[in-house]
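Tertiary structure, described
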Amino acid sequence: MGSGFFSSWTFWALLSATFAALTAIFAKVGIENVNSDFATLLRTVVVLVSLALILYATGQYQSLGSISTKSYLFLLLSGLATGASWLCYFRALKLGPASLVAPVDKLSVVLVAVIGVALLGEKLDLRQWGGIGLITAGVVLLALRR
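If you're wondering where the values come from, they're calculated on a predicted model, not measured in any experiment.

What follows is about helix 6 (residues 126–143). In a regular helix each residue adds 1.5 Å, so 18 residues correspond to 26 Å; helix 6 covers 26 Å between its end C-alpha atoms and thus fits that length. The N-capping residue of helix 6, defined by a side-chain oxygen 3.1 Å from the backbone nitrogen of Arg127, is Asp125.

Turning our attention to the packing of helix 1 (residues 9–30) against helix 3 (residues 69–95). Put simply, helix 1 and helix 3 touch, their axes get as near as 9 Å, and they point 60° apart. One way to sum up the angle between helix 1 and helix 3 is to call them oblique. As helix 1 runs across helix 3, the sense of the crossing is right-handed. On helix 3, the residues touching Ala24, Ala27 and Lys28 of helix 1 are Tyr89, Phe90, Leu93 and Lys94.

Looking now at the nonpolar core. Within the largest apolar cluster, ten residues are counted, these being Ala24, Ala27, Ile31, Ala39, Tyr89, Phe90, Leu93, Ala98, Val101 and Ala102. Looking at this core, the elements with two or more residues in it are helix 1, helix 3 and helix 4 (98–105). The contacts of Ala39, once residues within four sequence positions are left out, are Ile31, Val34 and Phe90.

With that settled, the discussion passes to the domain arrangement of the protein chain. In terms of domain boundaries, the protein chain breaks down into domain 1 (8–95) and domain 2 (97–145). Each of domain 1 and domain 2 has a C-alpha centre, and the two are 21 Å apart. Listed by partner, the interface residues are seven residues for domain 1 and six residues for domain 2. Summed over both sides, the interface between domain 1 and domain 2 buries roughly 500 Å², with carbon and sulfur atoms accounting for 75% of that surface. There are zero salt bridges connecting domain 1 and domain 2. Across the contact surface, domain 1 and domain 2 share zero residue pairs in polar contact (both at pLDDT 80 or more). Only helix 1 and helix 3 provide two or more residues apiece to the side of domain 1 that touches domain 2. No other element matches helix 1, which puts four residues into the side of domain 1 that touches domain 2.

Turning our attention to the UniProt feature "transmembrane region" (unreviewed entry) in the protein chain. Here, the residues flagged by UniProt with the feature "transmembrane region" (unreviewed entry) are residues 6–26, 38–59, 71–93, 100–120 and 126–144. For residues 38–59, the helix share is 95%, the strand share is 0%, and the end-to-end C-alpha distance is 31 Å.

With respect to the helices and strands, the residue Thr40 is situated in helix 2 (residues 36–58). Looking at Thr40, the relative accessible area reads 4%, which means it is buried. Aside from chain neighbours lying at most four places away, what touches Thr40 is Trp86, Leu87 and Phe90.

Rules used in this analysis
- Residues numbered from 1 in each chain as written.
- Predicted model: local features only at pLDDT ≥ 70, side-chain atom pairs only at ≥ 80, totals over all residues.
- Heavy atoms only, no water.
- Helix = DSSP H or I, 4+ residues; strand = E, 2+ residues; numbered from the N terminus.
- Expected span 1.5 Å × (residues − 1).
- Polar contact = N/O pair within 3.5 Å; in protein donor to acceptor, adjacent residues only side chain to side chain.
- Axes fitted to C-alpha atoms, helices over the stretch in contact; angles between N-to-C directions.
- Parallel < 35°, antiparallel > 145°, perpendicular 65-115°, else oblique.
- Left-handed = near helix turned anticlockwise from the far one by under 90°.
- Contact = heavy atoms within 4.5 Å.
- Core = buried A, V, L, I, M, F, W, Y, C linked by side-chain atoms within 4.5 Å.
- Buried < 20%, exposed > 50% of the residue type's maximum accessible area, 1.4 Å probe, protein only.
- Domains from an automatic or database assignment.
- Buried area = accessible area lost by both parts, 1.4 Å probe.
- Salt bridge = Lys/Arg side-chain N within 4 Å of Asp/Glu carboxyl O.
- UniProt positions renumbered as here; feature names shortened; annotations may be inferred.

Set out below in structure tokens:
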């Protein structure tokens, strides 16, 4: 893989952040008169159909037999966590302002760093821990009520 910006993880992470922001805004408007759990189901159907079309169009389908039991287990767990996250996220959007719900939801960044270090053996230096601390402080400041 090349070393240019468009082939780096940074490019894709920035696109992910952009789409996540749009997700919050579109969802907040979309759930105005819809049950949040039903809205999550509709969103999930759109995601499934979109991914199926992308896999079909790009020929990226993979034989189910080529996937290990370990991968199946952890993808299943990831899917369950995603579903739980989406249900909670849409419920929070239904109850609160998108401008506060989305940043608090991003506390997941802090949790991923802590869990990555604790369970996956990843290493973060002092500067990176400082960034994680600033994200935590920002979430706390946003979540506090006057």
